[in-house]
Amino acid sequence: MSAPAAGTTLDGRGTERGSLATLRHGIRLTPEFREGLGLTLLLAVVATAGRVVVPVAVQQTIDEGLLRPGGPDLGLVRLACGLAFVAVLVTAVANYFTNVRIYRTTESGLSALRVRAFRRVHDLSVLHQAAERRGSLVSRVTSDVDAMSTFMQWGGLLVVVSTVQLLLATGLMLFWSWQLTLLVYVCFVPLALAVRVLQRRLQQAYRVVRERVGEMLGVVAESVVGAQVIRAYAVQGRTTSRLDSAVDAARVAQTRAQRLAAITFSSGELIAALATGAVVVVGVLLGVAGDITTGRLVGFLFLVTLFIQPVQVATELLNEAQNAIAGLRRVLGVLDTPSDVADPGDGLPLPEGPVQVRFEHVEFAYPGGRPVLHDVDLELAPRTRVAVVGETGSGKTTFAKLLTRLMDPTSGRVLLSGVPLDQVSFASLRRRVVMVPQDGFLFDSTVAANVRFGRLPASDDDITLAFHELGLSDWLEQLPDGLHTSVGERGESLSVGERQLVAITRAYIADPDLLVLDEATSAVDPATEVRLQRALDSLTRGRTTVAIAHRLSTAEAADEVLVVEDGVVVQRGPHRDLLAQDGPYARMHASWISQSR
Amino acid sequence: MQYRLEATYRKRVTRRYLELPLSWHEEHSTGELLSNANSDVETTWYPIAPFPLAVGVLLMLVTTLGLLLVTDPVLALVGSVIFPAIAILTVLYSRRMSPLMTRAQELRGEVSGIAHESFDGALVVKTLGREAGETERFRHTSEELRDTMTAVGRVHGIFDPMMEALPVIGVLAVLLAGTSRVGSGNLEAGELVRVAYLFTLLAFPVRAIGWVLNEIPSSVVGWDRVQRVLTATGAQEYGDRTLPGQAPAALTVHGVSFSYADAQVLHEIAFDVRPGRTLALVGPTGAGKSTLASVLVRLLDPATGRVAYDDVDVRALAPGALAGVASLVPQSTFLFDDTVRGNVTLDSDLPDEDVWAALRVAQADGFVAALPAALDTRVGERGTTLSGGQRQRLALARAVVRRPRLLVLDDATSSVDPQVEQRILAGLRRSEHTSTVVVVAYRRATIALADEVVYVENGRVAARGAHDELLLTSRGYQDLVSAYERAEAERVALESTADEAEVAV
């Protein structure tokens, strides 16, 4: 029915944005990342500066202390060492605080981003939600966010620290020997150029990685959820090969990205080694020529290490950055997708009291699909119980979705008590209009918690009372732990019928004025059937009710019946009247009677 | 390397999922299993990446130490104090870190579990306007993860600077100790310079080792969680018997008992079905019918007793042989995100005529023909683009197309209109490939089609016989079956009181 079509994917615009723009956009949407950043950076700079003290101290120790022309000056050595020790301590303390602060801001930022993306997934229309596999949606709030954590923890900080370290090292290096400094820079320029080229390819590679991982999760989820079928038909082989190809696809993508990263990294390594070697050779030559002291040369080598480190880090960082940005892009893909069925913001409340329904020339077609409803134009009086009947695929369920604004009509409009539905605030809409979906989905929790889902805060007494009013006390009592019985994943510890009982109580406690029932089609055991009938009866009494009826018993009990055929309302009226006419309803009813009695 | 290991373990874990019995699956949530296959495997192998580097670094370390010893053993010893210090630090670190990492991975599993469940129930969330509440639930766990990770950062924050400071402190210690030795004339100043330089070379390797050590606690936690799956027991053993042939199979159930963790569900169930006959399993909710259906096709093994096809114990059948004989259509339908054809054939090489024939028996040919691409239409994840009844009919066709010799229908037509259900059951009987059929049913008309009825109550066979016979002899059966009529009567009564109430208003 609802074939998800073009225009409903979640990666519409985000992919075109450049890396830096993506990052900026991500940070703009997550102010948490910037909290207390100033102080953290200051601490980081202090820590870096502390690192530079050590080579200076070593140089002083050697040149002025140990190799002083007039014999070693041991006092100076001790002083220099003492100072260096203090510098190390300061560095360590500054480092500690930087670390702690960084973790705190990063984790807060990631958590906030996660929660925002989660919320957005729920705000997306049913069409968008259906367009993507569950596993893939889950990956957008789990592994895609996790992919960012390493980069966010170290990335921003390292950029600053490395720059400072690079500048300080360069300054000191220039001061000690401009010749050697030039040499080091000559070695690193080609790397910088190579990295620019590689970076673009890395970016592409990591995007593929994130996608493949998302797909893999989807396939794993399917194999876990479908375990029973897979077992019953002994199609482990088929499932395994699907799993394997998904796992392998992820691996191939990761390996490819890693290989690119390795090229960058190892070329960095190579050049670092080259640079060190060159400095030693040229340095010794310069030393012989009397242009540099031994202490400075040793100190210089220290500095080269300090210089190389940020460069190496940068290549590694680039790697993490691409992974992170690819993850961020997928998260932003969700955050940037506009919710096409949105809360009007300053929406109107629905007028109090029973709800009247009006469809004005409503048409509906799924994107890229055939029209499902044609020019539906009707009015339902308040407090009437309406049953919508028709063959599967006739458009009954679409009718219900439009009524509850899970979707908006392609043309025409729906009005509740005279207010156009797209102008009603969500708060008011969801409080007054409740739909009981067909599958009676329950959360993996207790019966009470599932009922409470309909209205917070309902006390246990309220809930017990609700069960009582729906005539379900006897059912509740025979549960092993009463209200606190656990229902299992998707409610599967309960039978289909029992799940419906809970779903009905959940709707009852929400106390809506317009109730839309997408009636469960499952036949249930007679004892539960009796309870269901009783509960539905109490639930619908006094409310405007639209039931998507799969049983004619519901139609019999309704005040009015709408018969839908191929998206058109072909018959309408009370059960008795329709029965008297020689139409589709009478035919349906006749075959029903012959089967169920 | 890291990714190859990851891939290998992902495959192992997911294969294990497929081997483990359903009872194991029932105890573990989807989110948890997803997280096992994803992030746990990932963290396990994460330290592999810097591993080769660490090995190279170790070599560098040994060489440097050797050189140091040759130059001045005393100073080498002074400097080497940093190594036990690093070892102690690492032990302390792991001890603090492990529980935190365990918790963090658990929380990651929970976060993934909540997201999975919540997106699964998106429709309920939306229709009840509970987006904010769900977000709160997610936020709660997400923030707990945040706090745990912040605590990790704190431990990290202590460990990391110390690892960085230690080699430098070593150099300074060597310089200081060296100065006194130079002062007392035991050492040349030039030699001290060399020693100091050698020690500075050590700084990088020590840090690199630190990086690896850093990741080890989380790696161990990931490994534990992965191993828990890989070593989970309960995979079923198979024999090597096969059951060739086309004719309907005889089914024998003898003394079958079954318990879940805390409760015995089946007690000494025994019955048999002759080839080609249809048996209805009837009983109230919770009587154990679905469990029994699972036992019949060996999704579960009974604690005692046996199930046999044509007198061959199902446990003696070779892997895959059972599926060639018996098909179960379960109560909750599961469709793959695949085409209609793929869902029916499950990739076995079957001609389209067979697929259409099966769809006809399942009364699904009509709606499938009307789909945009007929057999090639994709049904969406879990078949979301189809209605409940359509999904059930596809699931039924999936069983029928295999021409099973034993067909077990666990309330498999519950979402189908009664008239369609009648046509399906009639079609099954008319089909040229007749099967022995066991059907769990509620509808009276369905039950009436069976040759024989087994009435199950509280996990025991309470009565057995033809429908009409049981109506006379079994009180429980009579009550159950007549409950529909009572339901009807009650509804009428309710309605008349409602009408009166309205009149009163």
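Residues numbered from 1 in each chain as written. Chains lettered and ligands numbered in written order. Predicted model: local features only at pLDDT ≥ 70, side-chain atom pairs only at ≥ 80, totals over all residues. Heavy atoms only, no water.

Draft legend 1. Structural context of the overall build of chain A. When its secondary structure is counted, chain A shows 20 helices and 10 strands. Buried residues in chain A amount to 58% of all 597 residues. Here the analysis covers contacts within chain A between residues at least 6 apart in sequence; of these, 79% occur between residues at least 24 apart. Approximately 23,000 Å² of chain A is accessible, and the part contributed by carbon and sulfur atoms is 59%. (Helix = DSSP H or I, 4+ residues; strand = E, 2+ residues; numbered from the N terminus. Buried < 20%, exposed > 50% of the residue type's maximum accessible area, 1.4 Å probe, protein only. Contact = heavy atoms within 4.5 Å. Areas by Shrake-Rupley, 256 points an atom, 1.4 Å probe, with all protein chains shown as cover.)

Draft legend 2. Region of the structure containing the overall build of chain B. Of the regular secondary structure elements, chain B holds 19 helices and 10 strands. In chain B, which comprises 505 residues, the share counted as buried stands at 57%. A fraction of 74% describes how many contacts in chain B between residues 6 or more apart in sequence connect residues 24 or more apart. For chain B, the accessible area works out to roughly 20,200 Å², and carbon and sulfur atoms hold 56% of it.

Draft legend 3. A look at unusual backbone geometry. Residue and element names in this part refer to chain A. Backbone geometry at Arg-405 places phi at a positive 55 degrees, although glycine is not the residue there. When you line up the elements, Arg-405 lands in the loop between α11 (396-403) and β4 (411-416). In this structure, Ser-417 is a non-glycine residue whose phi angle is positive, near 45 degrees.

Draft legend 4. Local environment of the sheet that holds strand β6 (residues 433-436) of chain A. Residues and elements named next belong to chain A. Across the sheet, which stays open at both edges, the six strands sit in the order β6-β7-β8-β3-β9-β10 with mixed pairing between neighbours. Single-partner strands in this sheet number two, and they are β6 and β10 (568-573). Across the sheet, the mean angle separating the axes of adjacent strands is 15 degrees when strand polarity is ignored. Here strand β3 (residues 385-389) pairs with strand β8 (residues 544-548) via four bridges, running parallel. Counted as the bridge partner of Arg-385 is Thr-545 from β8. (Pairing = 2+ DSSP bridges. Axes fitted to C-alpha atoms, helices over the stretch in contact; angles between N-to-C directions.)

Draft legend 5. Looking closely at the pattern of salt bridges. All names here are of chain A. Taken as a whole and assessed by the stated rule, the structure comprises 30 salt bridges over all chains. Here Arg-452 makes a salt bridge to Asp-460, at a shortest N to O gap of 2.6 Å. Three or more residues are tied together by salt bridges with common partners; here these are Arg-358, Glu-360, Asp-377, Glu-379 and Arg-413. (Salt bridge = Lys/Arg side-chain N within 4 Å of Asp/Glu carboxyl O.)

Draft legend 6. Up close: the side chain of B:Ser142. With respect to the helices and strands, the residue B:Ser142 is situated in helix α8 (residues 131-183). Beyond its immediate chain neighbours, meaning those up to four positions away, B:Ser142 contacts A:Ser111, A:Arg114, A:Val115 and B:Val111.

Draft legend 7. Examining the packing of aromatic side chains more closely. Tallying each qualifying case throughout the model produces six aromatic pairs over all chains. Look at A:Phe359 and A:Phe399: their rings are 4.6 Å apart centre to centre, the planes differ by 20 degrees, and that puts the pair in the stacked class. You can see A:Phe359 sitting in strand β1 (residues 357-365) and its partner A:Phe399 sitting in helix α11, a full 40 residues away along the chain. The exposure class assigned to A:Phe399 is buried, which follows from its relative accessible area of 4%. Members of the aromatic cluster, each reached through a chain of ring pairs, are A:Phe118, B:Phe119 and B:Phe138. Positioned above the aromatic ring of A:Phe426, the side-chain terminus of A:Arg430 is 5.0 Å from the ring centre. (Phe/Tyr/Trp six-rings, centres within 6.5 Å; stacked < 30°, edge-to-face > 60°. Lys NZ or Arg CZ within 6 Å of the ring centre and 35° of its normal.)

Draft legend 8. Summary view of the sheet that holds β1(A). All names here are of chain A. Strand order in the open sheet made by the four strands is β2-β1-β4-β5, with antiparallel pairing throughout. With one partner strand each, in any of the chains shown, β2 (371-380) and β5 (419-420) form the two edges of the open sheet. Pairing of β4 with β5, which is carried by two bridges, proceeds in the antiparallel orientation. Bridged to Leu-416 within β5 is Val-419. Along the sheet face, α11 touches β1, β2 and β4 and points at about 120 degrees away from the line of β1.

Draft legend 9. Layout of the confidence of the model for chain B. All names here are of chain B. The share of residues in chain B with pLDDT of 70 or more is 85%, and the mean pLDDT across the chain is 76. Of all secondary-structure elements in chain B, the lowest mean pLDDT belongs to helix α19 (residues 475-504), at 58, while strand β8 (residues 436-440) reaches the highest, 85. In this model residues 494-505 is a low-confidence stretch, pLDDT under 50, and it forms five contacts with partners more than four residues away in sequence or in other chains. (pLDDT = per-residue confidence, 0-100.)

Draft legend 10. Highlighting the nonpolar core. Membership of the largest hydrophobic core comes to 46 residues, with the highest contact counts inside it found for A:Met148, B:Phe119 and B:Phe138. Among the elements of the structure, α3 (74-123), α5 (134-141), α6 (143-176) and α10 (294-336) of chain A together with α6 (82-120) and α8 of chain B are those that each provide at least two residues to this core. Not counting residues within four places of it along the chain, the set of residues in contact with B:Phe138 comprises A:Arg114, A:Val115, A:Phe118, A:Val141, B:Val111, B:Ile114 and B:Ala115. Judged by nonpolar contacts, the second largest core, of 45 residues, contains B:Leu335, B:Ala364, B:Val401 and B:Val437. (Core = buried A, V, L, I, M, F, W, Y, C linked by side-chain atoms within 4.5 Å.)

Draft legend 11. Geometry of the packing of helix α7 (residues 178-225) of chain A against helix α1 (residues 2-19) of chain B. Taken N-terminus to C-terminus, the directions of α7(A) and α1(B) make an angle of 20 degrees; their axes are 9 Å apart at the nearest point. By the angle between their axes, α7(A) is roughly parallel relative to α1(B). The chirality of how α7(A) crosses α1(B) is left-handed. Only B:Arg10, B:Thr14, B:Tyr17 and B:Leu18 of α1(B) make contact with α7(A), whose side of the interface consists of A:Met216, A:Val220, A:Ser223 and A:Val224. (Parallel < 35°, antiparallel > 145°, perpendicular 65-115°, else oblique. Left-handed = near helix turned anticlockwise from the far one by under 90°.)

Draft legend 12. Structural view of the confidence of the model for chain A. In this model, chain A carries a mean pLDDT of 79, and residues with pLDDT of at least 70 account for 90%. Every residue in residues 1-8 of chain A is under pLDDT 50, and counting partners more than four places away or in other chains gives 19 contacts.

Draft legend 13. Just a nonpolar patch on the surface, in detail. Residues and elements named next belong to chain A. A cluster of nonpolar side chains, namely Leu-39, Leu-42, Val-46, Val-86 and Val-90, defines an oily patch on the protein surface of about 420 Å² accessible area. Those elements that place two or more of their residues in the nonpolar patch are α2 (37-66) and α3. If you tally residues by element for the nonpolar patch, the top one is α2, at three residues. As for its position among the elements, Leu-39 is in helix α2. (Patch = residues over 30% accessible without salt bridge, like charges linked within 9 Å, V, L, I, M, F, W, Y side chains within 5 Å.)

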